[in-house]
Amino acid sequence: MTFSVRLRALFRASLLGAGVAAVSGCGMVYKTTGDVLVSYGSKEMVPYLMSYSDTGMVCATGESLTPLLLSFESVGSHPDKLATLVYTTAAICTEERALEEELRYMRAMKEGRVAEAQDARARQKELAEVSARRMQEAYNRAVGQYGEADNGSCPRLRKDFDELVYMIGMVAGVQSLLADATADTAVGVPRDVAAKAERAMSCLDNEKWWGAPMGLRAALWNILPMLKPDNGDTWAELDRSTRLGFEAGVRLPSALATISAYSTGDTDRVRKAIRDFANNDQDLNPDYALIDAIAFQLVKGISDRMWTEATGKRTPFGGLGTFWDETPKQNNSFNIDDLL
Amino acid sequence: MRYNKTVLAVASSLLLAVSGSAVANEKRTMCVFDIIGTSGDIYNIMKDYRTAALDHGYDLTLKAYTDENIAAEDLKAGQCDAAAITGLRGRQFNNYTGSLDSIGAVPSYDAMRAIIQVIGSNNERIVPHLKSGNFQVMGVAPMGAAYLFVKDKSINNVNALAGKSISVMEYDEAQAKMAASVGMSPVMSDITNFSGRFNNGSVDISFAPVMAYSALELYKGMEPNGGIVQYVLGQLTTQVIGRQDKFNDDFAAWSRQYFSSTVFDRAMRVINNSYSEIDKKWWIPVSEGDAERYDEMMRDARIELTRAGVYNKDMMSLLRNIRCRMDASRAECSDQRE
């Protein structure tokens with residue numbers, strides 16, 4: 001073997017080696033990138049997103065970022081906590097689209113257009129199925145990360161961030177169950193999610209989280225009265241949580257109370273809950289503007305359903321808290337006749 | 001004269017058209033019992049029923065009830081023109097379909113389908129049974145079979161039941177009578193407390209529908225040695241009961257047919273989901289001999305309860321005929337006691 005041949009062989013070998021190193025190095029780089037992304041996501045991106053009140057932007061972020069973020073699992077990163085949040089925000093999109101279809105269904109029913117009503121219902125169910133899958137994934141990730149609460153024992157939640165993820169994951173679990181019912185149980189979300197989420201909520205500090213943990217528990221007592229403790233009073237707890245939420249400037253408990261009243265067919269209570277929600281829109285907590293914005297969407301969704309059922313139109317712009325059959329308060333401080 | 005006839009024909013066809021469109025605008029209220037309210041499976045099924053009903057002349061406004069008793073009372077009081085409630089509660093409005101949930105009378109989902117087909121057939125021999133007082137049955141849907149959930153696997157035959165405590169629904173007198181007849185001590189319960197009593201061990205046995213398994217976490221009460229006795233004790237149903245003066249016969253006939261042809265399969269999907277949630281390890285098989293003995297026991301109890309006026313004789317006879325059509329080798333098929 002001549003020197004030049006040996007040199008070429010060496011060169012080839014070193015190229016190959018560099019290639020191998022580069023490939024394995026890429027793996028390392030990818031994992032590092034993933035870890036950085038996960039850490040950046042929890043420390044910077046989540047608090048930033050939480051301060052957003054633009055749910056459309058947050059929904060788009062959830063839909064577009066989730067596959068990228070989750071792909072880092074295959075190189076060894078652990079995005080479970082972030083996955084709970086991004087799947088939940090991705091579900092905001094499908095929930096919103098499903099609501100639009102439900103409103104279309106109601107309008108068509110009102111006008112006697114049966115074929116369109118059936119089409120809208122079919123589309124609503126398709127979207128509800130996607131929502132149920134996204135929210136079930138969010139719930140499963142939270143349980144995968146922290147475990148389930150059992151009678152008397154709670155998962156270890158080290159930081160505020162863990163508590164937030166756990167809480168959102170449990171809410172997503174309950175929502176997945178409800179969306180699945182709309183989708184004719186196409187997903188098959190296990191029914192015990194409700195009881196498990198109810199227990200999980202007792203692991204969180206109610207005051208610290210604006211009354212939401214107790215609000216969710218009481219809302220679930222309405223659905224499953226057997227979960228209610230002997231001394232539990234569903235509406236008293238919902239009222240108390242709602243007040244806590246208003247004081248903290250995060251109106252999620254008020255939204256839970258509204259949903260609860262709506263699903264039990266208690267019309268007077270729904271109207272009062274919507275009015276209270278609309279009247280408490282001052283001094284909102286900027287750090288959790290997103291949670292409040294989601295609560296707004298939920299309440300507005302119920303108001304829109306009621307308006308559409310009654311009038312064929314959604315809530316007038318800026319009219320949350322008003323109802324079609326109520327006359328606006330007249331300003332009676334002066335007599336018009338005196339002016340004429 | 002001929003001219004007059006033409007005018008008459010045109011006028012009457014116009015009148016028909018007018019009355020046709022007037023029917024299309026009939027507004028009615030329908031009260032729906034769903035323990036989860038507007039987000040539940042039954043309410044969801046009724047939303048599609050409402051859409052289909054609009055094509056048949058009735059615009060239904062659905063109202064959700066999470067308390068079944070209130071829904072039934074509101075139907076009675078005329079607050080609802082129709083109500084979707086369980087067969088057990090519906091018995092007070094129609095004893096015939098109200099006896100569908102009788103103990104041991106519907107052993108399989110094939111039998112259930114056959115019964116619902118009969119009800120939806122609108123055969124002239126069936127329809128009169130579906131009307132009673134000012135009420136009529138406008139549809140029946142399956143809600144799943146009920147089984148005995150036991151905290152100890154050794155409770156796997158009738159002899160072992162004696163002396164054990166069982167939670168029974170307080171508004172169904174058949175359950176309590178049946179329990180007492182085999183020596184069990186019935187503990188009167190309602191939907192809010194029966195699962196808690198079973199799960200914390202204060203009763204040994206719970207009589208519960210398959211749907212309750214996961215939602216009420218009945219597996220907790222079965223840990224570690226319990227199970228579900230694989231013998232169908234009864235079938236729960238949801239029934240739509242309407243006021244006769246609020247819905248015409250054609251609509252009621254269409255409605256029953258809709259339940260038989262469309263709702264049955266959808267309800268079965270929900271029921272099958274409930275089965276898939278049950279870990280196979282819980283099922284306690286029942287030997288063929290024991291199953292035959294239970295069949296006989298259930299039959300004796302049904303005959304007794306029919307004699308006492310709890311169950312409807314004609315429905316019992318229909319159910320027997322369906323059971324024997326499905327399996328002619330059953331002991332009961334050789335006599336006409338029921």
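Residues numbered from 1 in each chain as written. Chains lettered and ligands numbered in written order. Predicted model: local features only at pLDDT ≥ 70, side-chain atom pairs only at ≥ 80, totals over all residues. Heavy atoms only, no water.

A. A look at the overall build of chain B. The secondary structure content of chain B amounts to 13 helices and ten strands. Against the globule reference of 20 Å for 338 residues, chain B gives a C-alpha radius of gyration of 22 Å, in line with a compact fold. C-alpha extents for chain B along the principal axes are approximately 85 × 45 × 35 Å. Looking at the 338 residues of chain B, the share that counts as buried comes to 57%. Of the contacts formed within chain B by residues at least 6 apart in sequence, a portion of 74% connects residues at least 24 apart. (Helix = DSSP H or I, 4+ residues; strand = E, 2+ residues; numbered from the N terminus. Rg over C-alpha atoms; globule rule 2.2 N^0.38 Å. Buried < 20%, exposed > 50% of the residue type's maximum accessible area, 1.4 Å probe, protein only. Contact = heavy atoms within 4.5 Å.)

B. View of the pairing of strand β6 (residues 165-169) of chain B. Residue and element names in this part refer to chain B. For β6, a buried count of five out of five residues is recorded, marking the element as mostly surrounded by other parts of the structure. Here β6 shows two buried faces, one formed by S165, S167 and M169 and the other by I166 and V168. By the bridge criterion, five bridges tie β6 to strand β7 (residues 185-189) in an arrangement that is parallel. Bridge pairing in β7 places V168 opposite M188. The parallel pair β6 and β7 is bridged by helix α7 (residues 173-181), and the resulting crossover is right-handed. For β6 and strand β8 (residues 205-209), the ladder comprises two bridges, and the chain directions are parallel. Counterpart to I166 in the pairing with β8 is I205. (Pairing = 2+ DSSP bridges. Right-handed = clockwise from strand over helix to strand, strands pointing away.)

C. A positive patch on the surface, seen in detail. On the surface, a cluster of positive charge is made up of K43, R156, R158 and K159 of chain A. Secondary-structure assignment places R156 of chain A in the loop between α4 (114-146) and α5 (160-182). (Patch = residues over 30% accessible without salt bridge, like charges linked within 9 Å, V, L, I, M, F, W, Y side chains within 5 Å. Areas by Shrake-Rupley, 256 points an atom, 1.4 Å probe, with all protein chains shown as cover. Salt bridge = Lys/Arg side-chain N within 4 Å of Asp/Glu carboxyl O. Lys, Arg positive; Asp, Glu negative; His and termini not counted. Charge placed at Lys NZ, Arg CZ, Asp CG, Glu CD.)

D. Region of interest: helix α2 (residues 41-54) of chain B. Here α2 of chain B contains 14 residues, and its C-alpha end-to-end distance of 21 Å stays within 8% of the 20 Å for a straight helix at 1.5 Å per residue. α2 of chain B sits mainly inside the fold: 14 of its 14 residues count as buried. (Expected span 1.5 Å × (residues − 1).)

E. Geometry of the state of the cysteines. Overall, the coordinates contain four disulfides over all chains when judged by the stated rule. There is a disulfide in this structure between C59 of chain A and C93 of chain A, and the S-S distance comes to 2.1 Å. Its torsion about the S-S bond being 120°, the disulfide of C59 of chain A and C93 of chain A is classed as right-handed. Here C59 of chain A is found in helix α2 (residues 55-71), whereas its partner C93 of chain A is found in helix α3 (residues 80-110), with 34 residues between them in sequence. Looking at C93 of chain A, the relative accessible area reads 2%, which means it is buried. At a sulfur-sulfur separation of 2.0 Å, the disulfide partner of C324 of chain B is C333 of chain B. Taking the torsion about the S-S bond as the criterion, the C324 of chain B to C333 of chain B disulfide, at about -95°, is left-handed. In this structure C333 of chain B comes out as partly exposed when scored by relative accessible area, which is 24%. Across chain B, the disulfide pattern expressed with sequentially numbered bonded cysteines is 1-2, 3-4. By sequence order of its bonded cysteines, chain A has the disulfide arrangement 1-2, 3-4. (Disulfide = S-S within 2.5 Å.)

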